[in-house]
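Tertiary structure, described
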Amino acid sequence: MKKEAIAAILTGTAVTTSLAGCGAGLGATSAGKPATAPAYIEAEYPAEAAGDVYEGDVACAAVESAESWNTNGVYDDAYASKYFGTEEELCPGIYYPAPGFGENYKTIVENSFTDAVANPLSTFGADIDTASYANLRRMINDGYRQSDIPAGSIRTEELVNYFNYNYRTPGNGDTFAVNASIIDCPWNRDTRLVNLGIKAKELEDIDDISSNIVFLVDVSGSMDDYDKLPLLQMALDMLVDDLDENDRVSIVTYASSSDVVIAGVPGNEHTRIKRAINELTASGSTNGGDGIRTAYRLAEKYFIKGGNNRVIMATDGDLNVGITSDDELEALISDKKESGVFLSVLGFGTGNYNEVTLETLADKGNGNYSYIDCLSEAKKVLIDEFNSTLFTVAKDVKFQVEFNPRYVSEYRLVGYENRQMAARDFNDDTKDGGEIGSGHAMTVMYEIKMNDDRETEGTSLRYQNTDLSETGALSDEWMTVSVRYKEPAEDESRLILFPISEGCYTKTPNCDTLFAAYVAECGMILNGSEYTGKLRLRDVSGQLSGLKLDDEYREEFVELIRNL
């Protein structure tokens, strides 16, 4: 597939700001000391039997904690009592409409600290979604204040992962690389912050990979607003310009029922495809289930072996006819993903926006989820990041971090609340992980408390037996990051280990690391975190002002936070 440069002036909200301080990458910190680059961690490939070391019923504390109400959860605010009664009447995991706005988001119960002896394993599925950032930008540009941001609408990891960081790429033959920095936590002087930058390989000769794309377009009445179907049509017009004669394009629409607009059209027939897109109009109810079935049927009919086979679903998530419950949708999409067809979900609009449905579809369909609030975001997702968004290098990607209690007494995963898994599911290839695309990067953060030489007991793990194992007692490893994944065309997973040592700790982090930490702070504050103390957004704005920003997206973020 060719990648043509698109020269156009697009509407957006980026501003230009000149800030003093350190530069991204290796620069000088605000204190004038040389910044330290993240350590590039060499991969370890254990023998096949080594996968058994993590078998067992070690509980995932974060998953267990979600089963009981945490009074410090994000719904503990004035809106909860005003619209739904007292906090005790609310239940984590239940979907509540955002008060006053009619938008649906799932409640978030923030990850708490977990004892590294009793629960040394932190397990979760990969998540490269970035929808929260564009959604937050839309709300700020629409005049929302901090108190107006709907509970559950901001996922911290999606804010962090929206930005590009200067992570080293995998070596020859490797699928993933891990870059690690451990710094003093910027929101708590008594803890440290682990920053793990996980970078996927870039596919070679990607321009030669053909695509079989089915656009699944919601044309129900709710899509008639200017920021829904009209914006979607402009976005798809841009994507079509990058298709060639080896690609195949189909368009399925759904409202009260589904219709096939075009099927298997060669990608170089730009005029025909664009005419079909631009003639779409919105009316009727929303039978998404029928549309999903039709779209996958066409994707399977025109399936390209060794190619990029994908359904791109565009909607506001307001399904009201046919299959409408999240359980039914989850069962439908989980079945369809076995066809080898991947899924991308594009969310549009305001007012009746149903993010719960869209996230469910993306998570269960081996897919990714983006929110499109303006044409510049459409360009970013569908043109600038086309390869990492649409070309998969690994599926069912799962992470498991084992902490060495000799160094770490407690840990807390920052974000990824809805991606937590039981530890025993890490080695279970029937349990879904996440999809990661070509050259894509993912940032994971842990807030950790350091150990004070206490006694330890546990099961037979890398660092513990009845007491500390020899590796745990004698090595300088603070933790090990294990990555389990499947090649796109395979059903059996592979395992890589990345030991993280005390040598990754630095008192002079570079601006990439600091910027990611400050973005995480913002996400935590917006979610009413109990761990940021009295820190306010204006404080984070001050921290960000000490960094030299190197791209328009970071500059835009600083301006957005100032305006909130």
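A brief report on the enclosed structure follows. (Residues numbered from 1 in each chain as written. Predicted model: local features only at pLDDT ≥ 70, side-chain atom pairs only at ≥ 80, totals over all residues. Heavy atoms only, no water.)

1. With respect to the overall build of the protein chain
Secondary structure assignment for the protein chain yields 15 helices and 19 strands. Pairs at least 24 apart in sequence give 79% of the contacts found in the protein chain among residues at least 6 apart. Within the structure as shown, the protein chain displays about 21,600 Å² of accessible surface, and the carbon and sulfur contribution to it stands at 44%. (Helix = DSSP H or I, 4+ residues; strand = E, 2+ residues; numbered from the N terminus. Contact = heavy atoms within 4.5 Å. Areas by Shrake-Rupley, 256 points an atom, 1.4 Å probe, with all protein chains shown as cover.)

2. Concerning the sheet that holds strand E10 (residues 258-266)
Taking strand neighbours across the sheet as the criterion, the six strands line up as E10-E9-E8-E11-E12-E13 in an open arrangement whose pairing is mixed. The outermost strands of the open sheet, each flanked by one partner alone, are E10 and strand E13 (367-372). When the angles between neighbouring strand axes are averaged without regard to direction, this sheet yields 15°. Judged from the seven bridges that link them, strand E8 (residues 211-218) and strand E9 (residues 248-254) form a sheet pairing that is parallel. Counterpart to Asn-212 in the pairing with E9 is Arg-248. (Pairing = 2+ DSSP bridges. Axes fitted to C-alpha atoms, helices over the stretch in contact; angles between N-to-C directions.)

3. Some points on the pairing of strand E17 (residues 441-450)
Most of E17 is tucked away: eight of the 10 residues are buried. In this structure, strand E7 (residues 192-200) lies alongside E17, joined through eight bridges in antiparallel fashion. In the sheet register, Val-194 faces E17, and the bridge partner there is Tyr-446. Judged from the five bridges that link them, strand E15 (residues 408-413) and E17 form a sheet pairing that is antiparallel. (Buried < 20%, exposed > 50% of the residue type's maximum accessible area, 1.4 Å probe, protein only.)

4. Description of the pattern of salt bridges
In this structure the tally under the stated criterion is 28 salt bridges. Between Glu-158 and Arg-155 there is a salt bridge; the shortest N-O distance is 2.8 Å. Given the relative accessible area of 0%, Glu-158 is considered buried. Of the charged contacts in the structure, one is a salt bridge between Glu-435 and Arg-310, with a shortest N-O distance of 2.7 Å. With Glu-435 in strand E16 (residues 434-437) and Arg-310 in strand E11 (residues 308-315), the pair connects residues that are 125 residues apart, well separated along the chain. The burial state of Glu-435 is the same as that of Arg-310; both residues are buried. Members of the salt-bridge network, linked through shared partners, are Arg-137, Asp-373, Glu-377 and Glu-556. (Salt bridge = Lys/Arg side-chain N within 4 Å of Asp/Glu carboxyl O.)

5. Quick word on the environment of Phe-557
Here Phe-557 lies in helix H15 (residues 552-563). Among residues more than four places away in sequence, those in contact with Phe-557 are Tyr-133, Phe-163, Phe-515, Val-519, Cys-522 and Leu-544.

6. Quick look at the nonpolar core
Within the largest apolar cluster, 45 residues are counted, with the highest numbers of intra-cluster contacts made by Phe-163, Leu-193, Phe-515, Leu-544, Leu-547 and Phe-557. Mapped by element, the contributors of at least two residues to this core are helix H3 (131-141), helix H4 (156-160), E17, helix H13 (511-526), helix H14 (537-544) and H15. With 12 residues, H13 is the largest single contributor of residues to this core. Apart from residues no more than four positions distant in its own chain, Leu-193 is found in contact with Ser-181, Ile-182, Ile-183, Cys-185, Pro-186, Trp-187, Val-414, Met-445, Tyr-446, Glu-447 and Ala-517. Within the second largest apolar cluster, 39 residues are counted, among which are Phe-215, Leu-239, Ala-314 and Ile-372. (Core = buried A, V, L, I, M, F, W, Y, C linked by side-chain atoms within 4.5 Å.)

7. Observations regarding the sheet that holds strand E4 (residues 114-115)
Judged by pairing direction, the sheet is antiparallel, and its six strands sit side by side in the order E1-E6-E7-E17-E15-E4 without closing on themselves. Among the strands making up the open sheet, the edge pair consists of strand E1 (39-41) and E4. In terms of strand pairing, strand E6 (residues 176-184) meets E7 through nine bridges, oriented antiparallel. Note that in E7 the partner of Val-178 across the bridge is Ile-198.

8. Here we look at the environment of Asp-428
Take Asp-428: it is sitting in the loop between E15 and E16. Polar side-chain contacts of Asp-428 include one of 2.6 Å to the side chain of Thr-430. (Polar contact = N/O pair within 3.5 Å; in protein donor to acceptor, adjacent residues only side chain to side chain.)

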